[in-house]
Structure formats: C-alpha cells, structure tokens
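If you want the building blocks of each chain, they are given just below.
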Amino acid sequence: MALVLKSGFTFDYDNLFGEGKVTKADLDSYAADLKKAHEAMKVMRESGFIKAHLSKDGSPEKVYFSKLPYVTEENSKLHLNSPASIRKLHEFTRHLRNNIDVVVSLGIGGSFLGNKVLFDIFCGEFWNAKTKEQRNGLPKVYFSGQNIDSRRTADIINHLKAMSFVAKTHEKRPLKVCLICISKSGGTLDTMSNFMVIYDALQKAQNIEVEVVAVTDPNEEKKTLLKQLAIDKGWPQFAVPDGVGGRFSVFCEVGLITAAVIGMNIEKFLEGARDMDEACKNENLFENPAMLNAALKFAAYQKHGRNIEVMMPYGDYLKSLSEWYIQLLAESLGKQFDKDGKEVCYGRTPLVAVGTTDMHSQTQQHQEGALDKVVQFIKVAKWEDDLVIPNAFPEVKKLADISGVTMSEALEVARQSNADALSSNKRFNACFTLPELNEYHLGELLYLLAMSVAYEGELANVDAFNQPGVEAYKRIMGPKLQELKSSKK
Ligand code: PA5
C-alpha cells in the first residue's frame, strides 16, 4: 500500500498497516479525532490559530509555518516569504558570489539543524575543498554555535587565519569572512558565545575583513539583543518571523539564508513544500500524506506500544535530515501536559539512524529488541552520479558477484532487505521515496514531516508548537552562570 503523489513522491506504508500491524479498525476508532484535526489544520492555515497554544511568556501566539511555502505580498507584513524577501535573498547570493570567501553560520537547534540539512544535501562533504570555480563563485561554509566547544571554535578561528595567510601570500588581499548569526531570541548562550569569540578573534586578526549578518526576531518594540546590535553596528538583517518556531523555520529566512549562501533553487524548494501542503489539505485520510503518517504513527504508539521512531534515511548526506527530524518530533510532541492541563507525558522518542551504516550497529536492536519501534526509511529513487561497481577482481567470486550493479541499486537492495527482515518479525516500518534528491522533493519531504507533527499534536491533544520543557534547565543555567562570573571577580 502506498500513497503516491503526482510528483512521484511516495509514502509506502505496507509494512505499517494491515493485519498484525496498525489496522483499519485502529484508524476507524480515530475517525472523529481525525476530522477534528483536519479542521484544526484548516483553521491554522487560514488564521494561524491553534487551540491552547501559548508563547513562552504565556500569551496566545499564532502559528504561521503553513504560510511559509506561499510567497505573497501580504506575507511581508508578517515577515513571511514575499516577492521582496525572496529578491533580497537573491541579492544576498549575488553579494556573496565572488565577494566573500567564507561564511560562518552560527546557530543552534532550529537555527542550525535545517541549515545543515540543506548544506549537506546540496554541497556534500567536500564543498570547502573545492575551488571557487567549482563552487560557482560561492563561499566556503562552516557551522558554529551548535555547541559550546572551545576546541572546535579555536579550530575554526585558526583555520580562517591560515586561509587569510594564503590569501595574503598568493593573492595579496585580505580574506573576506561573513558571519551569519542566527538566533530568534537573539541571546542564546551557545550561539552568542561562539559569535563573540569568533567575531573578536577575527577583528583582531591581521588580513581578515569581517561582515556580519543578523537573522533574528524582527520585532521593533521588543528588540532582541542581536537586533539591537545589528542596528547599532549597521549589520544587514533577516527575519525569524513571529509564529514560526525554530524547528519549523527551514522554510523562512533562517533556512533560506543558507539556501542563498549555497545557491540553492529557493523557488523549487518552496514549490515542493507548497505542493505538499496542497496534498495535506485532502480530507481523505488515505490521500493526505501528513494526516496518514500522523494517524499511523499515533496508532502504532497508542494501540501497539511502538513509542520509538527510528528515522533512517539511506545515504550519507541525509544523516542531518534525521537529526533535524529528531528535534522536530522531540520538541513538538514530547509533552507532560495536554491542552486541557491533564498530565499525559506524551511523546514518541525519535532516534537517529542512517543506512546502510546503522544496519551494522542498530539493526540488531530494531530486529530483535523490544517491540517498541517504527523504523521510518527514506529512499532516493534516482541518484545522480551513480557509480557502477566494477569487476575489479574477477578471480574473487564473492566480489565478482556484486559487480555490474550500481552503488545506488546495492543501497536499495540493502534497504529493501532490511525492511523485509523487519516485517518478517513483527517490526513496523514505512518508507518515504523521493524520486530524486533535489530542492523540490526535499521541500515536499520536510514540509510533510512538519505538517505530520502538527496533525499528531491535534490527535494527541498536545501543543505541538511550544517547548516549555527546555525552559527548565535555562532557569537553572542563568543563575549558575552569574554565580560563576561573580566568583571570578
Ligand atoms: O526549536 C526551538 O525553538 C529551539 O531549538 C531553538 O531553535 C534554539 O534553542 C535556538 O534558539 P534561538 O534561535 O532563539 O537562538
């Protein structure tokens, strides 16, 4: 059984639905809830209203992620995507091209994970080792701020200084670095500590010119620290709009700024999301990918104890997609209280995996461990640059036997075998297939996953858009840091 969209994007749920798995009766028992969830998504799309959703400071807050795929004039009032904002992103690409040698993107959580997905998928591991011509004039890209790790931050600084030495020696010019500081709240310790360390070091360095771009909450009345700094220093600004939480921000300027840095096709990315949004408006459960995905996973958890979701894309550069999804699922659905204030301690636990790598580590557990998982595969049907495994050693039968097939065919045989083995032992699994790994299909997939957690929030009656749990440690950490600072005086 599979839901196939016009684009070829496929959700194959054969190994998750049917006898011994989630049943039609299971889904039927949620008919009324699904109808309500569908209605709630309609209202959210139209007005941004989500029942019982409150912001961090306890006031009602709109939810606008479902507006992000649509580029309209009207959106500019809300700092969502508009023709002008997209033009500004293209101008930024033009500015970077041949003007900036290196971008350091600083951010954490929602201000990092989606950006890393875009970079890994469209640039790959060796982007920074390519020549400027091979990068089409675009800058090298490094990420920082996603940890408070002095060793790595020092490595970045030293690496930039070494590059500046090469620029000076060979081209008699300074190295041009652009720091893109991304923080919705504008004061996150991890991001801002790295930003200050790197900014300070580069200011003091010989032969490095630094530009800064701030991506933060655009609110003029209550300016974030980062926004105030940007105003004071004259740094260009991009927006993290109100009503768009970090984990839903890959389609706003948070993610799109990285898309601009690496020269991605932004329009195609948004078009994929838009087409997926249309599909997710369908009232028929079996034709609505987000509603179906949410309903199956919800039922697998509630009726069959499958409370862990292993996100397992096949392909190295898709691992960060799995990491992005971990935040989306964990922060959206891991909630102690439901919308009526009742203690429910809801939440499926996400796990990062990548095929084939984790078939050689985690799969033993998936295959024989507790019956508590759904393994969600992601497959790319057609890979670019597919290499044929050659018959390099015809004298070795075992190696000769695997020759003649392409690496992506072998990858898919491995995935399919894993799926078959899991299914043969009561292990629930499903697969999303992207016809190709391009902007359009990635847009479809990321949007589908975001919309799925929104649906599941409604089914579970929890607020998928807040994250009160992350405030607990922050309340402890703030005073601790102050105490540490005072003890140093
Ligand atoms: O999803 C979230 O809200 C978080 O993961 C944030 O994105 C993360 O804490 C970073 O916050 P900020 O963008 O305010 O620096």
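Throughout what follows, the structure given in this document is the object of discussion. Values in this document were obtained by computation on a predicted structure and should not be read as measured data.

A word on the site of the ligand
As a structural note, the neighbourhood of the ligand is formed by 13 residues, with Ser111, Ser183, Ser185, Thr188 and Gln327 the closest of them. Note that an oxygen atom of the ligand is positioned 2.9 Å from one of the backbone N or O atoms of Gly110. Within the backbone of Lys184, an N or O atom sits 2.8 Å from an oxygen atom of the ligand. Protein coverage of the free-state accessible area of the ligand, which is 380 Å², stands at 85%. When its residues are assigned to classes, the shell around the ligand shows 1 nonpolar, 9 polar and 3 charged.

With respect to helix α2 (residues 31–47)
Across its 17 residues, α2 extends 24 Å between first and last C-alpha, which sits within 8% of the 24 Å expected from 1.5 Å per residue. Among the residues of α2, those classed as buried are Leu34, Ala37, His38, Ala40, Met41, Met44 and Arg45. With its buried residues spanning 160° around the axis, α2 presents them on a single face. Along α2, the residues that are exposed and aim more than 90 degrees away from the buried face are Ala32, Lys35, Lys36 and Glu46. In this fold, the buried residues of α2 make contact with α1 (24–28), α9 (266–279), α10 (289–304) and α15 (439–460).

Topic: a nonpolar patch on the surface
On the surface, a cluster of nonpolar side chains totalling about 320 Å² of accessible area is made up of Ile148, Leu189, Leu481 and Leu484. Counting through the fold element by element, Leu481 comes out in helix α16 (residues 469–487).

Digging into the pattern of salt bridges
Taken as a whole and assessed by the stated rule, the structure comprises 22 salt bridges. Its salt-bridge partner being Asp28, residue Lys24 comes within 3.1 Å of it at the nearest N-O pair. Of the two residues, Lys24 and Asp28 are both situated in helix α1; the distance of 4 residues between them amounts to about one turn of the helix. Given the relative accessible area of 47%, Lys24 is considered partly exposed. One salt bridge connects Lys268 with Glu271, and the closest N-O pair in it is separated by 3.2 Å. Here Lys268 pairs with Glu271, and both are found in helix α9, just 3 residues apart, close to one helical turn.

Notes on the layout of surface pockets
The space that makes up the second largest pocket amounts to roughly 950 Å³. Lining of the second largest pocket is provided by 29 residues; of these, Tyr317, Trp383, Glu384, Asp385 and Leu437 occupy positions nearest its centre. When residues of the lining of the second largest pocket are traced back to their parent elements, those giving at least two are α4 (113–123), β12 (373–382) and α14 (407–423). If you tally residues by element for the lining of the second largest pocket, the top one is α14, at 4 residues.

Quick word on empty space enclosed by the protein
Overall, the coordinates contain 5 cavities of 30 Å³ or more when judged by the stated rule. What the largest cavity holds in volume is close to 50 Å³. Every residue along the wall of the second largest cavity is listed here: Tyr314, Lys379, Val380, Trp383, Ser408, Leu411 and Glu412. Broken down by secondary-structure element, the contributors of at least two residues to the lining of the second largest cavity are β12 and α14. Element by element, the count of residues in the lining of the second largest cavity is highest for α14, at 3 residues. Among the residues forming the lining of the second largest cavity, the class breakdown is 4 nonpolar, 1 polar and 2 charged.

As for the packing of aromatic side chains
Taken as a whole, this structure holds 22 aromatic pairs when the rule is applied. Here Phe11 and Phe432 contribute two aromatic rings whose centre-to-centre distance is 5.0 Å and whose plane-to-plane angle is 35°, an arrangement assigned as tilted. Placement of Phe11 in strand β2 (residues 10–12) and of Phe432 in strand β13 (residues 428–436) is noted, with a sequence separation of 421 residues between them. The pair formed by Phe11 and Phe432 is uniform in burial state, with each residue classed as buried. Seen in terms of ring centroids, Phe17 and Phe286 are 5.7 Å apart; in terms of plane orientation they differ by 50°. Their pairing is tilted.

With respect to the side chain of Asn194
Summarising the element assignment, Asn194 is placed in helix α6 (residues 189–204). Given a relative accessible area of 3%, Asn194 falls into the buried group. Polar side-chain contacts of Asn194 include one of 2.8 Å to the backbone oxygen of Asp190. Leaving out residues up to four positions away in the same chain, Asn194 has contacts with Leu106, Ser144, Gly145, Asn147, Ile148 and Thr153.

Definitions and cut-offs
Once a new chain begins, its residue numbering starts again from 1 and follows that chain's sequence as written. Thresholds applied to this predicted model are a pLDDT of at least 70 for local features of residues and 80 or more for the giving and counting of side-chain atom pairs; totals over whole chains, interfaces and linings are not thresholded and use all residues. Heavy atoms from the whole structure form the basis of all side-chain values; hydrogens and water molecules are not counted. Near residues are defined by distance, with any heavy atom within 4 Å of the molecule or strand qualifying the residue. Under the rule applied, a polar contact is a pair of N or O atoms within 3.5 Å (in protein, one hydrogen donor and one hydrogen acceptor; residues adjacent in sequence only if both atoms are side-chain atoms). Using a 1.4 Å probe, accessible areas were evaluated by the Shrake-Rupley method; residue-level cover was limited to the displayed protein chains. Residues are grouped as follows: Ala, Val, Leu, Ile, Met, Phe, Trp, Tyr, Cys and Pro are nonpolar; Asp, Glu, Lys and Arg are charged; all remaining types, including Gly, are polar. For the purposes of this entry, the term helix denotes a DSSP run of H or I that reaches at least four residues, the term strand denotes a run of E that reaches at least two, and both are numbered from the N terminus. Each helix should span, by expectation, one fewer than its residue count multiplied by 1.5 Å. Each residue is assigned to one of three classes by its accessible area relative to the maximum for its type, calculated with a 1.4 Å probe on protein chains only: buried under 20%, partly exposed between the two thresholds, exposed over 50%. What the arc covers is the set of directions going from the helix axis to the C-beta atoms. It only takes one pair of heavy atoms within 4.5 Å for two residues to be counted as in contact. Residues form patches when they are more than 30% accessible in relative terms and have no salt bridge. Like charges link within 9 Å. Nonpolar side chains (Val, Leu, Ile, Met, Phe, Trp, Tyr) link within 5 Å. Should a side-chain nitrogen of Lys or Arg be within 4 Å of a carboxyl oxygen of Asp or Glu, the pair is scored as a salt bridge. Of the two site types, the cavity is a set of points on a 1 Å grid over the protein atoms alone where a 1.4 Å probe fits but cannot get out, and the pocket is an open set with protein on both sides within 12 Å along at least five of seven lines, each lined by residues with an atom within 4 Å of a point. Grid points are joined across faces, edges and corners, and a volume is the space filled by probe spheres set on the points. Classification of ring pairs rests on two measures: the distance between centres of Phe, Tyr or Trp rings, Trp counted by its six-membered ring, which must be within 6.5 Å, and the angle between planes, read as stacked under 30 degrees, edge-to-face over 60 and tilted in between.

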